[in-house]
Structure formats: C-alpha cells, structure tokens
Amino acid sequence: MPTTNPPKARAGLRSVIRRSKPEDIATIRSWLEVEEAAGVQGNFLCNWSVITRAHEDQELLVYIDGKTGLPVAFQLGRLLQSGILQVKQDFRGRGIGKKMVAYCVNLARRKGEDLLVIQCKPSSSIQFWQRVGFTVIPESDPPNKAYRILERRHVLPAIGTSVEAVIRFYPEERKWHDACPALLQVTASGKELPGGVIQLDRRVSFHEDAYPLARDVVVEAEVDGVRRFIDKAKYRELQQRGVTRCRNGWFIDQIRLEERR
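An account of the accompanying structure is given in this report. Only a predicted model underlies this, so the values are computations on that prediction, with no experimental measurement involved.

1. Thoughts on the packing of aromatic side chains
Taken as a whole, this structure holds five aromatic pairs when the rule is applied. With 6.0 Å between their ring centres and 45° between their planes, Trp31 and Phe74 make a pair best called tilted. Of this pair, Trp31 sits in helix 1 (residues 22-38) while Phe74 is found in strand 3 (residues 71-76), placing the two residues 43 residues apart along the sequence. The residues Trp31 and Phe74 share a single accessibility class, namely buried. Relative to Trp129, the ring of Phe128 has its centre 5.1 Å away and its plane inclined at 75°; by these criteria the two rings are edge-to-face. Judged by relative accessible area, Trp129 falls into the buried class, the value being 7%. By the ring-pair criterion, three or more aromatic residues cluster together here, those being Phe128, Trp129 and Phe134. Taking the ring centre of Tyr170 as reference, the NZ or CZ of Arg174 above it sits at 5.2 Å.

Quick look at the structure:
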C-alpha cells in the first residue's frame, strides 16, 4: 500500500476530534497493520470493512494529535450502538480514550439521547468502560455488552402542586402475576400543572438491554401513593400518558393523568 508523507510537526496546535477524512483512512490502516503484525491486543484491523463503511457514511470520528497532525485514535458507533474505539498503542495512557468517550457523550446529549450502549471488546477493555461510567450487563448476548444512562434534569415550574412520583418497570409477567417484582423503581419529585400534567424533575429511563428478560416491559406510575396507570409500555394508551420510545428503551419526562383525546 502506498505510504503518505506525514505532515511536519505543528508546534502549539491543539489536538482535535472530528469526522474522518480520506487521508486519515490510509494512516489508520498503516498503524493498524503494524500493530497487528506486532500482536498488539485490541487491534480492530479484522473489522476494516466496518471502519471504512463508517468513514463513507461520515460516522467515523478520529482524534488528531496536535503535534503531528495525524489520527491516533478512532471511534465508530458514537456509543449509541455497538461500535469500535481504538487508540494507537504508543498514545495509550494519555486520556485520549476518555476524551473520545466524553465527545460522544456530549453529542448524545445534544441529540437528546440518554441511553448509551457498547460492547466491551476485547474483554480486557471492561475496566476502561467501567471507569467512564458504563455498567456491564450480566450474561448479555453478545457477551460483555455495557450501558450508561445519561441523567437529564428538568427545572420544575414555580406554579403547580408539588407531588412525588414512583415509576416502576416490570417484566412482561407482571400482566398476569401481581406479585411479580419490579426490575427498576425510580422516585422523582414533580409538579402537577393545570391540564392534568405532572412534570417530573428528571427523566426516568429504562434500558432494555440491561434487562433482557423484561421482553414487553410493563410500566407503572404512582403519584402520591395513587396508581395512575400500569400496562405494557408499547401500548398506545401509555404513550398517550407520557411513556416515550427511544433508541434503546423507554423514558418518561411527564405523566399525563388522563389519556389525550
């Protein structure tokens, strides 16, 4: 493969994260091949077709070293689906991986995404993903999947009556077994506003990948000790009452006390 001449060192320039350019791909391929030959752990040369496809789809992020002007790390999937994050071996231990994760987290927040999911591959990367806030899902398929929920807070309005809401998420069995325990229970403060809407002080999220046995998850909303609804999240009535579908699960920002007509 033809080699490209590296640009001259650029003193004083900052490292940046950006979308990949054609010249980045040749450089990344070159150091992946060198590391593959050297037996460096966690090399993703075997996924080259996936990497190039992400580049063509403008979904490949690269970390450009400020001194050399060359890509020394790349990421695809943006933490919204299983992807790849690799840092060039001689640049590891400098916090570059954490910066790539922080960049993707900020992107997700701006796009309104709250549930992040990745696969810890190789398994030696598990400790890294745990340090940046991910929780490994036990007995996941594929193995070593992990998730992170981005907390989203809401400022409650000055008007309205203060209430306390409890949201519970159950496995599908809750439809026919009342004693079925909740998989997740979240308590949130809220304000009941004119029109029968309760604004919660936080987004309550349920990550389906974290609870693979939930199947058709059942959601219950209780306000000041009074049950307001309980049914499958996928049903139209619950979506009219505030249960909202997202990429990796469900969330609730508001509880509507009655179904909208």
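Once the structure has been displayed, the description carries forward.
2. Comments concerning the side chain of Asp24
As for its placement among the helices and strands, Asp24 is situated in helix 1. A polar side-chain atom of Asp24 sits 2.7 Å from a polar atom in the side chain of Arg18. Setting aside chain neighbours within four positions, we find Asp24 in contact with Arg18, Arg19, Val62, Ile64 and Pro71.

3. Some words on the sheet that holds strand 4 (residues 84-87)
Ordered in space as 1-2-3-4, the four strands form an open sheet in which the pairing is antiparallel. Looking at the sheet topology across the chains shown, the edges are occupied by strand 1 (16-19) and strand 4. Across the sheet, the mean angle separating the axes of adjacent strands is 20° when strand polarity is ignored. Both strand 3 and strand 4 contribute to a ladder of four bridges, which runs antiparallel. Across the sheet, Phe74 pairs through a bridge with Gln86, a residue of strand 4. Sitting on the sheet, helix 2 (residues 48-56) touches strand 2 (60-64), strand 3 and strand 4, and the angle it makes with strand 3 is about 85°.

4. Digging into the layout of surface pockets
When its volume is computed, the largest pocket comes out at roughly 620 Å³. Elements that contribute at least two residues to the lining of the largest pocket include exactly strand 3, strand 4, helix 3 (96-110), strand 5 (115-119) and helix 4 (126-131). In the lining of the largest pocket, the residues fall into 12 nonpolar, 12 polar and five charged. The calculated volume of the second largest pocket comes to roughly 210 Å³. In terms of lining, the second largest pocket is formed by 14 residues, of which the most central are Glu59, Gly77, Arg78, Leu80 and Arg247. Within the lining of the second largest pocket, the residues separate by chemical class into six nonpolar, three polar and five charged.

5. Considering the nonpolar core
Leu79, Ile96, Val101, Leu116, Trp129 and Phe134 are the most contacted members of the largest nonpolar core, which has 27 residues in total. If you list the elements that add at least two residues to this core, you get strand 2, strand 3, strand 4, helix 3, strand 5 and helix 4. Element by element, the count of residues in this core is highest for helix 3, at seven residues. Excluding anything up to four places from it in sequence, Leu116 contacts Leu79, Leu80, Val105, Ala108, Phe134, Ala146, Tyr147, Arg148, Leu150 and His207. Residues Ile167, Ala188, Ala221 and Val243 belong to the second largest nonpolar core, which totals 23 residues.

6. Details of the environment of Asp224
Residue placement: Asp224 occurs in the loop between strand 11 (218-223) and strand 12 (226-232). It is 44 Å that separates the C-alpha atoms of Asp224 and Ser125, two residues lying 99 residues apart in sequence. Leave out the neighbours within four places in its chain, and Asp224 touches Ser162, Val163 and Glu164.

So, how was this worked out
- Residues numbered from 1 in each chain as written.
- Predicted model: local features only at pLDDT ≥ 70, side-chain atom pairs only at ≥ 80, totals over all residues.
- Heavy atoms only, no water.
- Phe/Tyr/Trp six-rings, centres within 6.5 Å; stacked < 30°, edge-to-face > 60°.
- Helix = DSSP H or I, 4+ residues; strand = E, 2+ residues; numbered from the N terminus.
- Buried < 20%, exposed > 50% of the residue type's maximum accessible area, 1.4 Å probe, protein only.
- Lys NZ or Arg CZ within 6 Å of the ring centre and 35° of its normal.
- Polar contact = N/O pair within 3.5 Å; in protein donor to acceptor, adjacent residues only side chain to side chain.
- Contact = heavy atoms within 4.5 Å.
- Pairing = 2+ DSSP bridges.
- Axes fitted to C-alpha atoms, helices over the stretch in contact; angles between N-to-C directions.
- 1 Å grid on protein atoms, 1.4 Å probe; cavity = no way out; pocket = protein on both sides within 12 Å on 5 of 7 lines; lining within 4 Å.
- Points joined across faces, edges and corners; volume = space filled by probe spheres on them.
- Nonpolar A, V, L, I, M, F, W, Y, C, P; charged D, E, K, R; others polar.
- Core = buried A, V, L, I, M, F, W, Y, C linked by side-chain atoms within 4.5 Å.

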